[in-house]
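Take a look at the letters that make up each chain.
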Amino acid sequence: MAKPDRGALIAKTHKVLKKHYKPVTYTDRPLLESLIFGCCLENTRYEPAEAAYKALATGFFDWNEVRVSTVDELAESMNMVAEPQAQAASVKKVLYGIFESTYSFDIESMKKMNLGAAVQKLEKIEGITPFVIGVITQASLGGHAIPLDRGAFLALKSVGIATPADETKGVVPGLERAIPKTKGVEFGSLLHQLGADLAASPYSTNLHKVLLEINPDAKDSLPKRPPKNVEKPAAPAAESPAPAKAESKSDKGSAERKPMPVGKKKPELKKPAPARKPEKVSPKKKAAAGSLSKRKPR
């Protein structure tokens, strides 16, 4: 079977997504606030992203207080988004990058710049992602771009529109040509909703049905749950203990002896003198001894 044309798959994706999701339009915000909202929206559905943006805008004195707050403090306020720590770090880095380059947070003048020059200036801000630049291009700069985050790339790779190499570059060739500018915001919002759902539940049967509706031949490309029973490598055999040394009698006796107290000398034991054996006297000596005892003194 011939591989489906990428442009045809993109058009079918738009058609299928309109059956399952409703388009969302951006709220009209200043450029800086659109940038913060883009950080809140990455891999997150629109409702929790709006709640996170509101928590930052009303829970802190101003954007400078957000800039000098810790990532943990920001993540606690943004706990409704998909990745609080990562998205809080992104907000903090972006605000730091803007402040370091302008010593203020007024970047509204970028709207008057040429689109290419404005995008190049945005790309130099530390912490900003291609997804956030896509959101700002659509929402504030009046350009044509489809914001793509990790969830959107997962959906596009599953149906055969994008490749891992495209994800590394952050661009899907032909996507903006296949979707006209007048439909850019609508398609971007529909794809983002599918991507956010897929990032949260990559093994969902219902989401897989939507992907297969786009491309019935994509069954092998769908996210697969890792196997539960993974064989672990066999542990190395334990070394057998060395055979116990036979205990000699002397060792046994020494083991039974009680240790001497420290500082005391062992008393010397006197050996008893060996018993003297009686001397055997021959009969001749006995007779001689008898005759000597009977001799009178002179």
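This is a predicted model, so every value here is computed, not measured. (Residues numbered from 1 in each chain as written. Predicted model: local features only at pLDDT ≥ 70, side-chain atom pairs only at ≥ 80, totals over all residues. Heavy atoms only, no water.)

## What about the overall build of the protein?
A count of helical and extended segments in the protein gives 15 helices and zero strands. Looking at the 298 residues of the protein, the share that counts as buried comes to 35%. Expressed as a percentage of contacts within the protein between residues at least 6 apart in sequence, the contacts between residues at least 24 apart total 64%. Looking at the protein as shown, the accessible area adds up to about 20100 Å², and 56% of this sits on carbon and sulfur atoms. (Helix = DSSP H or I, 4+ residues; strand = E, 2+ residues; numbered from the N terminus. Buried < 20%, exposed > 50% of the residue type's maximum accessible area, 1.4 Å probe, protein only. Contact = heavy atoms within 4.5 Å. Areas by Shrake-Rupley, 256 points an atom, 1.4 Å probe, with all protein chains shown as cover.)

## Here we look at the pattern of salt bridges
One pass over the structure, following the stated rule, counts eight salt bridges. Measuring nitrogen to oxygen at the nearest pair gives 2.9 Å for the salt bridge that ties Arg45 to Asp197. With a gap of 152 residues between them, Arg45 in the loop between helix H2 (31–41) and helix H3 (46–59) and Asp197 in helix H12 (residues 184–200) connect regions that are remote in the sequence. For Arg45, a relative accessible area of 27% puts it in the partly exposed group. For the salt bridge of Glu167 with Lys157, the shortest nitrogen-to-oxygen distance reads 2.6 Å. Of this pair, Glu167 sits in helix H10 (residues 164–169) while Lys157 is found in helix H9 (residues 150–158), placing the two residues ten residues apart along the sequence. Its relative accessible area of 27% is what places Glu167 among the partly exposed residues. What emerges from the salt-bridge pattern is a single network uniting Arg45, Glu47 and Asp197. (Salt bridge = Lys/Arg side-chain N within 4 Å of Asp/Glu carboxyl O.)

## Some thoughts on the packing of aromatic side chains
According to the stated counting rule, one finds three aromatic pairs in the structure shown. Measuring from ring centre to ring centre gives 6.2 Å for Phe99 and Tyr103, while their planes differ by 70 degrees; the resulting arrangement is edge-to-face. The class of Tyr103 is exposed, set by a relative accessible area of 63%. Aromatic side chains Phe99 and Phe105 sit 5.5 Å apart centroid to centroid with 35 degrees between the ring planes, which places their arrangement in the tilted category. An aromatic cluster is built from Phe99, Tyr103 and Phe105, whose rings are joined through pairwise contacts. Positioned above the aromatic ring of Tyr96, the side-chain terminus of Arg67 is 4.9 Å from the ring centre. (Phe/Tyr/Trp six-rings, centres within 6.5 Å; stacked < 30°, edge-to-face > 60°. Lys NZ or Arg CZ within 6 Å of the ring centre and 35° of its normal.)

## A closer look at the packing of H2 against helix H8 (residues 130–139)
Relative orientation and spacing of two packed helices are given, respectively, by the angle between their axes and the distance between those axes. The contact between H2 and H8 brings their axes to 9 Å, and the two run at 135 degrees. When the axis of H2 is compared with that of H8, the two are oblique. Both H2 and H8 take part in a crossing whose hand is right-handed. The residues of H8 that touch H2, namely those facing Leu31, Ser34, Leu35, Gly38, Cys39 and Leu41, are Phe131, Val132, Val135 and Ile136. Split by residue class, the contact of H2 with H8 holds eight nonpolar, two polar and no charged. (Axes fitted to C-alpha atoms, helices over the stretch in contact; angles between N-to-C directions. Parallel < 35°, antiparallel > 145°, perpendicular 65-115°, else oblique. Left-handed = near helix turned anticlockwise from the far one by under 90°. Nonpolar A, V, L, I, M, F, W, Y, C, P; charged D, E, K, R; others polar.)

## Let's talk about helix H1 (residues 6–20)
Across its 15 residues, H1 extends 21 Å between first and last C-alpha, which sits within 8% of the 21 Å expected from 1.5 Å per residue. Among all positions in H1, only Leu9, Ile10, Thr13, His14, Val16 and Leu17 are buried. For H1, the elements touching its buried residues are helix H11 (175–178), H12 and helix H13 (205–214). N-cap assignment for H1: the residue whose side-chain oxygen lies 3.0 Å from the backbone N of Gly7 is Asp5. (Expected span 1.5 Å × (residues − 1). Polar contact = N/O pair within 3.5 Å; in protein donor to acceptor, adjacent residues only side chain to side chain.)

## Concerning H3
Spacing of three or four residues puts side chains on the same side of an α-helix, whose turn is 3.6 residues. Along its 14 residues, H3 runs 19 Å from first to last C-alpha, staying within 8% of the 20 Å computed at 1.5 Å per residue. Residues of H3 that are buried: Tyr46, Ala49, Ala52, Tyr53, Ala55 and Leu56. Contacts from the buried residues of H3 go to H2, helix H4 (63–68), helix H5 (71–77), helix H6 (84–102) and H12.

## Quick notes on the packing of H2 against H3
With their axes 8 Å apart at the nearest point, H2 and H3 run at an angle of 130 degrees to one another. Our classification of the angle between H2 and H3 gives oblique. Between H2 and H3 the crossing geometry is right-handed. Here Glu33, Ile36, Phe37, Cys40 and Leu41 of H2 lie close against H3, whose contacting residues are Tyr46, Ala49, Glu50, Ala52, Tyr53 and Leu56. Its residues assigned to classes, the contact of H2 with H3 comprises nine nonpolar, no polar and two charged.

## Considerations on a negative patch on the surface
On the surface, Asp62, Glu65, Asp72, Glu73 and Glu76 cluster together into a patch of negative charge. Counting residues per element, the negative patch draws most heavily on H5, at three residues. For Glu73, the location among the structural elements is in helix H5. Given the relative accessible area of 42%, Glu73 is considered partly exposed. (Patch = residues over 30% accessible without salt bridge, like charges linked within 9 Å, V, L, I, M, F, W, Y side chains within 5 Å. Lys, Arg positive; Asp, Glu negative; His and termini not counted. Charge placed at Lys NZ, Arg CZ, Asp CG, Glu CD.)

## Some details on the environment of Asp72
When you line up the elements, Asp72 lands in helix H5. For the pair Asp72 and Pro84, spaced twelve residues apart in the sequence, the C-alpha separation amounts to 8.8 Å. Within polar-contact distance, the side chain of Asp72 engages the side chain of Gln85 at 3.0 Å.

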